[in-house]
Amino acid sequence: SIRASILEALGDDTHIGVRTNSDLLRYEAGIMGDAALSAIISLAVIVIVIIIVTSIFVIRNSFSISATERARQFGMLASIGATPRQIRQSVLFEGAIIGLIGIPLGMILGVIAVVILVMIMNILMQGMTPVPVPTTMPLWIFPAAIILSFATIFLSSLMPAIRAAKVSPIE
């Protein structure tokens, strides 16, 4: 530990009492205790799950409305020989195209928003912190966001795609 290395550096012949001000070190270094860190991670996981579930319902609702409005088109496709699989893939392809446009745009706008918010926070907290808060993002967050976003879009468009594939030419 740090205390042991300090005492070792001072030597055995000194009898200096050393007390560590953990709160100050945690504040200046930006390090949190294990309990606080696990609470923040738990809270983040709960918020992410709520966002994903809500997103699935909102996107699914949009796809359902779109599929309902295009039921006539799906019926015509079925009447000229389109298989239910082709109709289902058409709706899933629409979701993939929306993801290919929306995910990069959302990530770019999200990074810009984070940079702006950190700049504002640094301006507001000037003099309160020893150093400005840096804008850092781990690289693993981008592939994770892409995978979660595509999974959300796929799950959201799956039920409307199945329902659209069942549309008969008569409908």
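This structure is a prediction, so every number in the text was calculated from the model and none was measured.

## Concerning the overall build of the chain
(1) Moving on: Within the chain, the regular secondary structure consists of 6 helices and 0 strands.
(2) Moving on: Secondary structure elements of the chain occur, N-terminal to C-terminal, as α-α-α-α-α-α.
(3) Moving on: Looking at the chain residue by residue over its 171 residues, the buried ones come to 15%.
(4) Moving on: Working note: accessible area of the chain is about 12,700 Å², and carbon and sulfur atoms make up 72% of it.

## Remarks on the nonpolar core
Note that soluble globular proteins tend to have their nonpolar side chains buried in a common cluster.
(1) Moving on: By size, the foremost hydrophobic cluster in this structure holds 10 residues: Phe-63, Ala-67, Phe-74, Ala-78, Ala-82, Ile-87, Val-91, Ala-161, Ala-164 and Val-167.
(2) Moving on: For this core, the elements supplying multiple residues, two or more each, are helix 3 (34–69), helix 4 (71–79), helix 5 (84–124) and helix 6 (141–165).
(3) Moving on: Excluding residues that lie within four positions of it along the chain, Ile-87 makes contacts with Phe-74, Ala-78, Ala-82, Ala-164 and Ala-165.

## Remarks on the packing of helix 5 against helix 6
(1) Moving on: Axis separation between helix 5 and helix 6 bottoms out at 8 Å; the angle between their running directions is 150°. By the criterion of interaxial angle, the relationship of helix 5 to helix 6 is roughly antiparallel. In this structure, helix 5 crosses over helix 6, and the sense of that crossing is right-handed.
(2) Moving on: For the contact of helix 5 with helix 6, a count of residues per class yields 21 nonpolar, 4 polar and 1 charged.

## Points about a nonpolar patch on the surface
(1) Moving on: Nonpolar side chains collect at one region of the surface, where Leu-105, Ile-108, Leu-109, Ile-112, Ile-116, Leu-117, Ile-120 and Leu-124 lie side by side and expose about 790 Å² of accessible area between them.
(2) Moving on: Structurally, the position occupied by Leu-117 is in helix 5.

## Some details on the confidence of the model for the chain
(1) Moving on: Of all residues in the chain, 82% have pLDDT values of 70 or greater, and the mean over the chain is 83.
(2) Moving on: When mean pLDDT is taken per element in the chain, helix 5 scores highest with 92 and helix 2 (residues 22–29) scores lowest with 63.

## Considering the side chain of Thr-152
(1) Moving on: Positionally, Thr-152 belongs in helix 6.
(2) Moving on: Side-chain polar atoms of Thr-152 contact the backbone oxygen of Leu-148, separated by 2.7 Å.

## Overview of helix 6
(1) Moving on: With 25 residues, helix 6 extends 35 Å between its outermost C-alpha atoms, agreeing within 8% with the 36 Å of an ideal straight helix rising 1.5 Å per residue.
(2) Moving on: In the structure, helix 6 departs most strongly from a straight axis at Leu-158, where the bend amounts to approximately 30° and where the proline Pro-160 lies between one and four residues downstream.
(3) Moving on: Those residues of helix 6 not exposed but buried are Thr-152, Ile-153, Ser-156, Ser-157, Pro-160, Ala-161, Ala-164 and Ala-165.

## Observations concerning the environment of Asn-61
(1) Moving on: Of note, Asn-61 is situated in helix 3.
(2) Moving on: For Asn-61 and Met-159, which are 98 residues apart along the polypeptide, the C-alpha to C-alpha distance reads 10.0 Å.

## Digging into helix 5
(1) Moving on: Spanning 41 residues, helix 5 covers 57 Å between terminal C-alpha atoms, matching the ideal 60 Å at 1.5 Å per step.
(2) Moving on: If you check which residues of helix 5 are buried, you get Ile-87, Val-91, Gly-95, Gly-99, Ile-103, Met-107, Val-118 and Asn-122.

Rules behind the numbers
- Residues numbered from 1 in each chain as written.
- Predicted model: local features only at pLDDT ≥ 70, side-chain atom pairs only at ≥ 80, totals over all residues.
- Heavy atoms only, no water.
- Helix = DSSP H or I, 4+ residues; strand = E, 2+ residues; numbered from the N terminus.
- Buried < 20%, exposed > 50% of the residue type's maximum accessible area, 1.4 Å probe, protein only.
- Areas by Shrake-Rupley, 256 points an atom, 1.4 Å probe, with all protein chains shown as cover.
- Core = buried A, V, L, I, M, F, W, Y, C linked by side-chain atoms within 4.5 Å.
- Contact = heavy atoms within 4.5 Å.
- Axes fitted to C-alpha atoms, helices over the stretch in contact; angles between N-to-C directions.
- Parallel < 35°, antiparallel > 145°, perpendicular 65-115°, else oblique.
- Left-handed = near helix turned anticlockwise from the far one by under 90°.
- Nonpolar A, V, L, I, M, F, W, Y, C, P; charged D, E, K, R; others polar.
- Patch = residues over 30% accessible without salt bridge, like charges linked within 9 Å, V, L, I, M, F, W, Y side chains within 5 Å.
- Salt bridge = Lys/Arg side-chain N within 4 Å of Asp/Glu carboxyl O.
- pLDDT = per-residue confidence, 0-100.
- Polar contact = N/O pair within 3.5 Å; in protein donor to acceptor, adjacent residues only side chain to side chain.
- Expected span 1.5 Å × (residues − 1).
- Bend = angle between axes of the 7 residues up to and from the residue.

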